[in-house]
Amino acid sequence: MTELKGQLLEVSGVSVTFDGFRAINNLSFSIGPAEMRAIIGPNGAGKTTFMDIVTGKTRPDEGHVLWGEKSINLIGMNEARIAQAGIGRKFQRPTVFEDQSVYDNLLMAVKNARGPFSVLLYRPSFKDRGRVEQLASEIGLAEEIHRKSGELSHGQKQWLEIGMLLAQEPRLLLVDEPAAGMTLAEREQTTDILVEAAKTRAVVVVEHDMEFVRRLNCKVTVLHEGSVLAEGSLDHVTANQQVIDVYLGR
Ligand SMILES: Nc1ncnc2c1ncn2[C@@H]1O[C@H](COP(=O)(O)OP(=O)(O)OP(=O)(O)O)[C@@H](O)[C@H]1O
Ligand SMILES: [Mg+2]
């Protein structure tokens, strides 16, 4: 059995084939408990598939995905159990309730974090209200807390979605292309939100916007054809000739 050696997540020797096409090829990846990591790479490199594997949406053909201090094997666990184990994933399309306020959406997420029974028997406690206000300020929506979510900008809805994920207190947050469709100001604020979140948990961000990646100021993993092509600082990986050939020089 592989030891995690202080890592929160360790993926090793993972491969997955779709109709004969090897989308992930002997991939190894690990991340520590309070670490920010960016994953970059060309279209079809396997970035989203990697997240699908970690969250239990796609089952790999081989390899290990080990989680937490007890090195729990995530392969074969269903998506709900993996989420309960502390892995949160942000999808591109926000799933906020548009008719409800920012406050109500966050409160719902705080309630859900305590399991289905607490939702049925629920009366918001003083503590929950404080938590909702804290989350709203973490995602830069303190001023918008009583607005209907449907009135928010695209970027603000994405932040609300991040807030709803943070309400579950995941130990690992996976975010796929958060900057897509955002204004520059929104992208900058998204960086700040994610950098702050990564102080107390692991955050993995897939993003094509290199300025966004630069602001994350973190280690970068470059995927290509389902494997790690390069890893290190952004300056290190962007100086790599293979990375330039397959991705940056497109
Ligand atoms: N469920 C699936 N069935 C068949 N093929 C798939 C499936 N999921 C992904 N693929 C294929 O696997 C490869 C990797 O896709 P993936 O979506 O992981 O790439 P990506 O790095 O996220 O790309 P992008 O930057 O365009 O989002 C692609 O060739 C894709 O068509
Ligand atoms: Mg993708």
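The rules behind these values
- Residues numbered from 1 in each chain as written.
- Chains lettered and ligands numbered in written order.
- Predicted model: local features only at pLDDT ≥ 70, side-chain atom pairs only at ≥ 80, totals over all residues.
- Helix = DSSP H or I, 4+ residues; strand = E, 2+ residues; numbered from the N terminus.
- Rg over C-alpha atoms; globule rule 2.2 N^0.38 Å.
- Buried ≥ 20, exposed ≤ 12 C-beta atoms within 10 Å, placed from the backbone.
- Pairing = 2+ DSSP bridges.
- Axes fitted to C-alpha atoms, helices over the stretch in contact; angles between N-to-C directions.
- Contact = placed C-beta atoms within 7 Å.
- Near = placed C-beta within 6 Å.
- Nonpolar A, V, L, I, M, F, W, Y, C, P; charged D, E, K, R; others polar.
- Domains from an automatic or database assignment.
- Core = buried A, V, L, I, M, F, W, Y, C linked by C-beta atoms within 7 Å.

**Q** Which residues make up the overall build of the protein, and what values do they have?
**A** Along its length, the protein carries 10 helices and 10 strands. For 250 residues, the compact-globule formula gives about 18 Å, and the C-alpha radius of gyration of the protein, at 18 Å, lands near that figure. Viewed in the frame of its principal axes, the protein has a C-alpha envelope of about 55 × 40 × 35 Å. For the protein, with 250 residues in total, the buried portion stands at 39%.

**Q** Could you give me a rundown of unusual backbone geometry, with the residues and numbers involved?
**A** Most peptide bonds adopt trans geometry, and most residues besides glycine take a negative phi value. Backbone geometry places Asn217, a non-glycine residue, at a positive phi of 55°. Following the sequence through the fold, Asn217 ends up in the loop between α8 (210–216) and β9 (219–224). With 12 C-beta atoms packed within 10 Å, Asn217 lands in the exposed category. Of note in the backbone geometry, Glu225 takes a positive phi value of approximately 50° without being a glycine.

**Q** With reference to specific residues and values, describe the sheet that holds strand β3 (residues 36–40).
**A** Strand order in the open sheet formed by six strands is β6-β7-β8-β3-β9-β10, with mixed pairing between adjacent strands. Single-partner strands in this sheet number two, and they are β6 (87–90) and β10 (227–232). The average angle at which neighbouring strand axes cross in this sheet is 20°, direction not considered. The sheet contact formed by strand β7 (residues 172–176) and strand β8 (residues 202–206) spans five bridges and is parallel. Looking at the pairing, Leu173 lines up with Val203 of β8. Seen against the sheet, helix α1 (residues 47–54) touches β3, β6, β7, β8 and β9 and runs at an angle of roughly 150° to β7.

**Q** So, the sheet that holds strand β2 (residues 21–31): which residues are in play, and what are the values?
**A** If you walk across this open sheet you meet the four strands as β2-β1-β4-β5, and the pairing is antiparallel. Looking along the sheet, the strands with just one partner apiece sit at the ends: β2 and β5 (72–73). Here two bridges tie strand β4 (residues 62–67) to β5, and the two strands are oriented antiparallel to one another. Following the sheet pairing, Trp67 is matched in β5 by Ile72.

**Q** Describe the site of ligand 1, and please don't skip the residues or the numbers.
**A** Neighbouring ligand 1 are Phe18, Ala23, Gly41, Asn43, Gly44, Ala45, Gly46, Lys47, Thr48 and Thr49. Broken down by class, the residue content of the shell around ligand 1 amounts to three nonpolar, six polar and one charged.

**Q** Explain the domain arrangement of the protein residue by residue, including any values.
**A** Per the domain assignment, the segments making up the protein are domain 1 (1–86 + 171–250) and domain 2 (96–169). Each of domain 1 and domain 2 has a C-alpha centre, and the two are 26 Å apart. Across the contact, 11 residues belong to domain 1 and 10 residues belong to domain 2. The residue inventory of the side of domain 1 that touches domain 2, partitioned by class, reads five nonpolar, four polar and two charged.

**Q** Hey, could you go over the pairing of β4 for me, with residue numbers and the actual values?
**A** Where strand β1 (residues 9–18) and β4 come together, five bridges link them in antiparallel fashion. Pairing of Glu10 across the sheet is with Leu66, part of β4. Hairpin remark: β4 followed by β5, antiparallel, with four residues in the connecting loop; positive phi at Gly68, about 75°.

**Q** So, the nonpolar core: which residues are in play, and what are the values?
**A** In this structure, Val54, Leu106, Val203 and Val222 are the most contacted members of the largest nonpolar core, which totals 70 residues. Three or more residues apiece are contributed to this core by two domains, here domain 1 (1–86 + 171–250) and domain 2 (96–169). Not counting residues within four places of it along the chain, the set of residues in contact with Val54 comprises Leu9, Val65, Leu74, Ile87 and Leu174.

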